[in-house]
Amino acid sequence: MTDTGPAHAGSATALRICPFCEATCGLTLTIDDGRVTGARGDRDDVFSAGFLCPKGASFAELDNDPDRLRAPMVRRDGVLTEVTWDEAFAAAAEGLGAAVRDHGGASVGVYLGNPNAHTVAGALYPPLIVRGLGTRHVYSASTLDQMPKHVSLGLMFGSPVAFTVPDLDRTDYLVIIGANPLVSNGSLATAADFPGKLRRLRKRGGRLVVIDPARTRTAELADRHLAPRPGSDAALLFAVVHVLFAEGLVDLGTVGDHVAGLDELRSLATDFAPEAVAAYCGVDAADIETLARELAAAPTAAVYGRVGTSTVEFGTLGSWLVDVVNVLTGNLDRPGGVMFPMSPVAPAPRGHRPGRGFSTGRWHSRVSGHPEVLSELPVAALAEEIETPGEGQIKAMVTIAGNPVLSAPDGERLDRALDTVEFMISVDPYLNETTRHADVILPPPPPSQSPHFDFALNNLAVRNNARYSPPALPLQGRPDEAEILSRIALVLYGIGHDGDPALVDEQVIATTLTKETADANSPVAGRAVDELIALLPAGPGYERRLDMMLRIGAYGDAFGARPGGLTLAALKAAPHGIDLGPLQPRLPDLLRTPSGRIELAPPQLVSDAARLRDALGRRGDGFVLIGRRHLRSNNSWMHNLPALSGGSNRCTLQIHPDDASELGLTDTAIVKGPGGELVVPVEVTDDIRRGVLSLPHGWGHDRAGTGQTLAAAQPGVNVNQLNDGSVLDPLSGTSVLNGIPVVVGPAS
Ligand SMILES: Nc1nc2c(c(=O)[nH]1)N[C@H]1C(S)=C(S)[C@@H](COP(=O)(O)OP(=O)(O)OC[C@H]3O[C@@H](n4cnc5c(=O)[nH]c(N)nc54)[C@H](O)[C@@H]3O)O[C@H]1N2
Ligand SMILES: Nc1nc2c(c(=O)[nH]1)N[C@H]1C(S)=C(S)[C@@H](COP(=O)(O)OP(=O)(O)OC[C@H]3O[C@@H](n4cnc5c(=O)[nH]c(N)nc54)[C@H](O)[C@@H]3O)O[C@H]1N2
Ligand code: SF4
Ligand SMILES: [Mo]
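Residues numbered from 1 in each chain as written. Chains lettered and ligands numbered in written order. Predicted model: local features only at pLDDT ≥ 70, side-chain atom pairs only at ≥ 80, totals over all residues. Heavy atoms only, no water.

K.L.:
Where do I start with the side chain of H150 in this structure?
P.N.:
Note that H150 resides in helix α6 (residues 147–157). Reaching out from H150, the side chain makes a polar contact with the backbone oxygen of P160 at a distance of 2.8 Å. Discounting residues that sit within four places of it in the chain, H150 has contacts with P160, V161, F163, F358 and L374. (Helix = DSSP H or I, 4+ residues; strand = E, 2+ residues; numbered from the N terminus. Polar contact = N/O pair within 3.5 Å; in protein donor to acceptor, adjacent residues only side chain to side chain. Contact = heavy atoms within 4.5 Å.)

Next comes the structure, spelled out in structure tokens:
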């Protein structure tokens, strides 16, 4: 905690990176008498320079929410009961131990939710729990979100985390397809003050094109808004590729020597002329041609796609084509185009060499045969893997920071399935729709008592930087989340829950450094592991691991071999963060495909293109449903905070005025989808395309046995109940959440 002096007695401030979305804003917390009482943007933060949104501003409310669990809970005689931490860990060890003993670790399912991307513990410990179990039943919010991008990146560049990020500060022409960063504050493109960056882009004479079936806040800011039919992005982008080839506009720029598959791509694109896709996309062919020509003509340009391009029928194809367009217009890996960030915890570059490439389907889900992707199976398959008896059935569950009962398709089915598992642990601060099924709930402390470092999001930042926030307040008689997850891991390692949690970190450190010192290209090649370990600072295990990662990383001090390089001590000495400069070109070093090139036409995508070609003739004339986010909401949580609830943050069905009047819809509608039906308030607005309906996700807080008072008072409906989960993007296992066929009418 940094004492700022002049404030009134008992008052202090502390700096803390906001963990509520991917923008990673630096906050200045006000602390009075040992609790957080306010939050404002830290003007001196090297990355966010004072930006703040309503969620960050409500940090104090979240931290002090009376409904946050302060003690762990254990199910006793069927009832979740507050217990001591010792009792809770003992119950966790006993239940998990029994499941492993009776059915094997492989029978334990793990679900990892979104906030794992926003906590130190979520980055460092879940992989150890999965490994300790030896289970293939791993599910996460990724297959409700960005898995298509991982697959396309993996196939094109050889690494599923080689994220291409729009160079927002320098681009001349930005195409945003299927994203609404004015509300989401950006995703897979970590940029504090995304709205300000878009305004500045326009101010410096740059242009913004938004492609979205809804006229979102982001679309309102754009020079041009195209409103395609939901689900048709891949076809639209293929038509852009077609025009680039047909009109001789392809210019690979600096990556020309590193590209493979150009001819195959050209011939694939012949079937996707603008005229051939126009009716399917619901966009004029001329608009597609203009888009392609402007992209080619712009001095620099970047195409950026997100949830609306990802969680659709052709999600992987769409994610691939976003980068194909970036490559064909010479905008990959150049300033103002899309670039690869260099995270401070990424291993130091080791030169261009062919890699092993990326593949999926190393195993398959038991019931429906879905291929493994990034060692995960589709969330949509979780319920059936619990329900279906036989060898390999899920018998116990561990959920960490997730609420799949609301966030995944057909929550009622998952709800019923979770009721049948023999044992379930949830690591979560709330008693909610998912955790109410747990036998043991282990609540992490509030963010003020937790450290912060963006292990994942630094790899997505539009400007390289490194920032660390130690806990702003001391732990109040409870373990931090790192300890909670470490103790679960200790049980699985056979050490027992009362072992020393530091053992978990020390094992990772020893293993990592053994590997590093043996790698001739590592900055610590040939050094003695013991000597390096002795250089790590005393302190919590997660800090020792972070220091190690920083020091062997791209900017690191290589354990003294590169004096002045990054260490945790250096980060601690710079509480507003260290700016590491604008993004730099990283090709060809970063490529890990077996060819050592950028694969423009990977066979998996080439064959999936046939599925898209077959779809072009389809003319759905019914309604389709899409989602939306709200500035004062966060998926299924943060609905329990007074500052964020009410007002326009509501669970309503948006419909175009002409559609509403044709259907005679005024106040309440009944919507029927493949998975169920909902009665929902209607919001008539011409912000949405005709034939399209929009409902936000994360609502439906009306189940018994949850503990979020305010959320339950304004429950909304669970949009994912309309979805039976049967339709996935086949290459990534990602649920189709946008473009769901539904029937709508007045609720009588
Ligand atoms: N229809 C539809 N469905 C969607 C989407 C959509 O656009 N449309 N979006 C999808 C997307 S992109 C995502 S990411 C998923 C999200 O899916 P999930 O991750 O399953 O759901 P969240 O609502 O983010 O749940 C977060 C959980 O983490 C808990 N939590 C908060 N902070 C912490 C912490 O510090 N530690 C721990 N251990 N727990 C914490 C919260 O209490 C909550 O239970 O939803 C998906 N579902
Ligand atoms: N305030 C707030 N911020 C958040 C979240 C939140 O819940 N609230 N959630 C966080 C999470 S987990 C994520 S993953 C990010 C998501 O960040 P974004 O992807 O920026 O957010 P969305 O609002 O889901 O934007 C998706 C857009 O795609 C459009 N869309 C739907 N279908 C299609 C389609 O077929 N084609 C095209 N082109 N567009 C389509 C929708 O109308 C919507 O505007 O936001 C994060 N930030
Ligand atoms: S934009 Fe995101 S990171 Fe910034 S204050 Fe809001 S929720 Fe926090
Ligand atoms: Mo997400």
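The structure having been displayed, the exposition proceeds.
K.L.:
Sorry, what's going on with the packing of aromatic side chains here?
P.N.:
Note on aromatic pairs: each is described by the distance of the centres and the angle between the planes. The full count for this structure, using the stated rule, is 8 aromatic pairs. Ring centres 5.6 Å apart and planes at 35° place the aromatic pair W85 and F89 in the tilted group. A residue pair is termed a helical-turn pair when its members lie 3 or 4 positions apart in one helix, as W85 and F89 do in helix α3 (residues 85–103) at 4 residues. Across this residue pair, the class does not change: W85 and F89 are buried. Taking the centre distance of 4.1 Å and the plane angle of 5° together, the rings of F238 and F272 count as stacked. Taken as a pair, F238 in helix α10 (residues 233–246) and F272 in the loop between α11 (262–269) and α12 (274–281) lie far apart in primary sequence, 34 residues in all. The pair formed by F238 and F272 is uniform in burial state, with each residue classed as buried. Between the NZ or CZ atom of R68 and the centre of the ring of Y430, over which it lies, the distance is 6.0 Å. (Phe/Tyr/Trp six-rings, centres within 6.5 Å; stacked < 30°, edge-to-face > 60°. Buried < 20%, exposed > 50% of the residue type's maximum accessible area, 1.4 Å probe, protein only. Lys NZ or Arg CZ within 6 Å of the ring centre and 35° of its normal.)

K.L.:
Got a minute to help me understand the confidence of the model for the protein in this structure?
P.N.:
Summarising the model, the protein shows a mean pLDDT of 96, and 99% of its residues fall at 70 or more. When the criterion is pLDDT under 50, residues 1–8 qualifies, and its contacts beyond four places in sequence or with other chains add up to 13 contacts. (pLDDT = per-residue confidence, 0-100.)

K.L.:
Which parts of the structure should I look at to understand the domain arrangement of the protein?
P.N.:
Reports of interface size often rely on the accessible area that becomes lost once the parts have come together. Assigned domains of the protein: these are domain 1 (12–64), domain 2 (73–140 + 369–453 + 475–582), domain 3 (167–186 + 194–345 + 588–612) and domain 4 (621–746). Measuring from the centre of the C-alpha atoms in domain 2 to the corresponding centre in domain 4 gives 32 Å. Facing the 22 residues of domain 2 at the interface are 28 residues of domain 4. Both sides of the domain 2 and domain 4 interface together cover about 2,000 Å² of buried area, and 54% of this is carbon and sulfur. Considering only the surface of domain 2 that becomes buried against domain 4, L406, P409 and Y430 emerge as the three largest contributors, covering 29% of it. A salt bridge links D415 to R703, with the nearest nitrogen and oxygen atoms 3.1 Å apart. The tally of links from domain 2 across to domain 4 stands at 12 residue pairs in polar contact (both at pLDDT 80 or more). Mapped onto the side of domain 2 that touches domain 4, the elements with two or more residues apiece are α17 (404–407) and α18 (411–420). Along the lines of polarity and charge, the residues of the side of domain 2 that touches domain 4 split into 11 nonpolar, 6 polar and 5 charged. (Domains from an automatic or database assignment. Buried area = accessible area lost by both parts, 1.4 Å probe. Salt bridge = Lys/Arg side-chain N within 4 Å of Asp/Glu carboxyl O. Nonpolar A, V, L, I, M, F, W, Y, C, P; charged D, E, K, R; others polar.)

K.L.:
What is the right way to look at the nonpolar core in this model?
P.N.:
Soluble globular proteins: nonpolar side chains tend toward being buried together. Counting 94 residues, the largest nonpolar core has L291, W320 and I598 as the members making the most contacts within it. At 11 residues, the largest contribution of residues to this core is made by α10. Setting aside its immediate chain neighbours within four residues, L291 contacts Y173, V175, V209, I211, L226, L236 and V240. Among the nonpolar cores identified, the runner-up in size contains 52 residues, and V83, W85, I129 and L571 belong to it. (Core = buried A, V, L, I, M, F, W, Y, C linked by side-chain atoms within 4.5 Å.)

K.L.:
For this particular structure, what's the right way to read the sheet that holds strand β15 (residues 396–400)?
P.N.:
Strands in a sheet are paired, the pairing made by backbone hydrogen bonds, and the direction either parallel or antiparallel. What the 7 strands build is an open sheet, ordered β5-β4-β17-β16-β15-β6-β7; its pairing is mixed. Edge positions in the sheet fall to β5 (79–82) and β7 (138–140), since each has one partner strand and no second. Averaged over all pairs of adjacent strands, the angle between their axes in this sheet comes to 20°, without regard to strand direction. Of the strands in this sheet, β6 (108–112), β7 and β15 touch helix α5 (residues 126–133), which is tilted by about 165° from β6. (Pairing = 2+ DSSP bridges. Axes fitted to C-alpha atoms, helices over the stretch in contact; angles between N-to-C directions.)

K.L.:
Can you help me understand the UniProt feature "domain: 4Fe-4S Mo/W bis-MGD-type" (unreviewed entry) in the protein in this one?
P.N.:
As annotated by UniProt and renumbered to match this structure, "domain: 4Fe-4S Mo/W bis-MGD-type" (unreviewed entry) occupies residues 11–67. Measuring from the first to the last C-alpha atom of residues 11–67 gives 25 Å, for a span that is 18% helix and 37% strand. (UniProt positions renumbered as here; feature names shortened; annotations may be inferred.)

K.L.:
How should the sheet that holds strand β13 (residues 302–305) be read in this particular structure?
P.N.:
An order of β11-β10-β9-β13 is seen for the 4 strands of this open sheet, with the pairing classed as parallel. This sheet does not close on itself; its edge strands, each paired only once, are β11 (224–226) and β13. Direction aside, neighbouring strands of the sheet carry axes that sit 15° apart on average. Bridging between strand β9 (residues 173–177) and strand β10 (residues 207–211) involves 5 bridges; their strand directions are parallel. Paired with V175 across the two strands is V209, which belongs to β10. The strands touched by helix α8 (residues 194–203) within the sheet are β9, β10 and β13, with β9 carrying the most contacts at an inclination of about 140°. Of the strands in this sheet, β9 and β13 touch helix α15 (residues 315–328), which is tilted by about 175° from β13.

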